[in-house]
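Structure assessment
Okay, here's what each chain looks like letter by letter:
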Amino acid sequence: MMAEPTKDAENVTPEKAFSLLGNETRVAIIQVLGEESDPLSFSAVRERVGTRDSGQFNYHLTKLVGSFVRRTDEGYELSYAGHRIVGAIHSGTYRRGDRMNFDLDSTCTVCETTIKATYENERVTVRCPGCETRLSEFGFPPGGFENRTITELTQVFGQYVDGIFSFMLRGICLNCSGKTVGKLIEETERIDDDAPAYVEVACDQCGETTTSHVNGYLLHHPVVASFHYDHGIDLDRSELWNLDLYRNESLTLLSSDPLSVGSTIELDGDRLELVINEDLSVSIETEQ
Ligand SMILES: [Zn+2]
Ligand SMILES: [Zn+2]
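Residues numbered from 1 in each chain as written. Chains lettered and ligands numbered in written order. Predicted model: local features only at pLDDT ≥ 70, side-chain atom pairs only at ≥ 80, totals over all residues.

Digging into the domain arrangement of the protein chain
Much of the literature gives interface size as the accessible area that the parts lose upon coming together. When its domains are assigned, the protein chain resolves into domain 1 (7-91) and domain 2 (150-288). Centre-to-centre separation of domain 1 and domain 2, based on C-alpha positions: 41 Å. (Domains from an automatic or database assignment.)

Re the nonpolar core
Counting residues in each nonpolar core, the largest one holds 35 residues, and the members touching the most others are Ile115, Val126, Val214 and Leu218. When contributions to this core are tallied by element, the ones reaching two or more residues are strand S4 (114-120), strand S5 (123-128), helix H6 (150-169), strand S8 (198-203), helix H7 (214-218), helix H8 (222-230), strand S11 (259-267) and strand S12 (270-277). Apart from residues no more than four positions distant in its own chain, valine 214 is found in contact with Ala195, Ala197, Tyr198, Val199, Leu251, Val261, Ser263 and Ile276. If you look at the next biggest cluster of nonpolar residues, it comprises 13 residues, including Val49, Leu61, Tyr76 and Ile85. (Core = buried A, V, L, I, M, F, W, Y, C linked by C-beta atoms within 7 Å. Buried ≥ 20, exposed ≤ 12 C-beta atoms within 10 Å, placed from the backbone. Helix = DSSP H or I, 4+ residues; strand = E, 2+ residues; numbered from the N terminus. Contact = placed C-beta atoms within 7 Å.)

Some details on unusual backbone geometry
Proline 258 follows aspartate 257 through a cis peptide bond whose omega is -5°. On the secondary structure map, proline 258 appears in the loop between strand S10 (251-256) and S11. The residue serine 177 is not glycine, and still its phi comes out positive at about 70°. Examined against the element boundaries, serine 177 turns out to sit in the loop between H6 and strand S7 (180-185). Its 12 C-beta neighbours within 10 Å are what place serine 177 among the exposed residues. A positive phi angle is found at aspartate 268, which is not glycine, with a value near 50°. Following the sequence through the fold, aspartate 268 ends up in the loop between S11 and S12.

Observations regarding the packing of helix H2 (residues 24-34) against helix H4 (residues 54-64)
Running from N to C, H2 and H4 point in directions that differ by 65°, and their axes come no closer than 9 Å. By the criterion of interaxial angle, the relationship of H2 to H4 is roughly perpendicular. With respect to the hand of their crossing, H2 and H4 are arranged in right-handed fashion. Across from Thr25, Arg26 and Ile29 in H2, the residues of H4 making contact are Phe57, His60, Leu61, Lys63 and Leu64. Each residue belonging to the contact of H2 with H4 can be placed in one class, and the counts come to four nonpolar, two polar and two charged. (Axes fitted to C-alpha atoms, helices over the stretch in contact; angles between N-to-C directions. Parallel < 35°, antiparallel > 145°, perpendicular 65-115°, else oblique. Left-handed = near helix turned anticlockwise from the far one by under 90°. Nonpolar A, V, L, I, M, F, W, Y, C, P; charged D, E, K, R; others polar.)

Digging into the packing of H2 against helix H5 (residues 80-91)
Closest axis-to-axis distance for the H2/H5 pair is 9 Å, and the angle between their directions is 95°. Considering the angle they form, H2 stands roughly perpendicular to H5. Together, Ile30, Gln31, Leu33 and Gly34 of H2 and Gly82, His83, Ile85, Val86 and Ile89 of H5 make up the contact between the two elements. A class-by-class count of the residues in the contact of H2 with H5 yields five nonpolar, four polar and no charged.

Describing the pairing of S4
Residues Ile115, Ala117 and Tyr119 line the buried face of S4, whereas the alternating positions Thr114, Lys116, Thr118 and Glu120 sit on a face that is not buried. Strand direction decides the pairing type here: strand S3 (residues 100-107) and S4, joined by five bridges, are antiparallel. For phenylalanine 102, the partnering residue across the bridge sits in S4 and is alanine 117. Relative to S5, S4 runs antiparallel, the two being bridged by five bridges. Bridge pairing in S5 links threonine 118 to threonine 125. Where S4 folds back on S5, the antiparallel hairpin that results is connected by two residues, among which asparagine 121 adopts a positive phi of roughly 50°. (Pairing = 2+ DSSP bridges.)

Things to note about the sheet that holds strand S9 (residues 209-213)
Strand order across the open sheet formed by three strands is S7-S8-S9, with antiparallel pairing between neighbours. Taken across any chain shown, the strands that pair with only one partner, and hence form the sheet edges, are S7 and S9. The mean angle between the axes of side-by-side strands here comes to 20°, regardless of whether they run parallel or antiparallel. One ladder, built from five bridges, connects S8 with S9; its direction is antiparallel. Along S9, the bridge assignment pairs glutamate 200 with threonine 211. Here H6 sits on the sheet and contacts S7, S8 and S9; the angle it forms with S9, its principal contact strand, is near 110°.

Take a look at the structure:
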């Protein structure tokens, strides 16, 4: 069934859309609709929001129709933008302390000290206190702390950062769904070691950027995944920070212009030698 075009479908500018949210009743309407998967009638929404004055309530609800709320024959429901607002409200909710420290269930592959994560200013920093290496730093929404134990959180950090990177590598921005492009870069302020290159994936549309070790990128390559699998390591089920490959010891600079690096992965005496080019294409040099 095709939806009939209505005046609800008019374009709403970002300025107008966000100004619509500057009202308690309207935010409450969005939250109430976000709790239901089925459309709600006018009176059901009004009852749950708790506004006595029907005219006043109608005024606010009507303001939202066409941007965050859709009116259907069955009642009112959230539009995609409305669902994203509910997500933004939840992901911004944080009721614990400002700074938290975690011992991760991983040891440093260089000095065998237990790796730690610190949460501060809505960012997670993963580092080894033994050799003072910062392994990763990334934004993590406060809402991710809700209903999770400390143990669950320590597992979620690695999965979260790996999941974001995987999504961005597939050409989709996690922030705005715009097109992303990845490449090798020589330097980054986000990781403090002296690797010859890093992988950066950026969104043209909103500027979201994610940076990784080259070997962190290789973990997503099918040849690398199958090489590990053949040696009894399922990368999907491994703690990211525990993997030897996550660190840069095996990287060598092959060319500065265009940038390319070599990576050697060794497992049980077997070697996989790869070349990673500036455009992130990967070729296999040796597999033995
Ligand atoms: Zn260390
Ligand atoms: Zn984007």
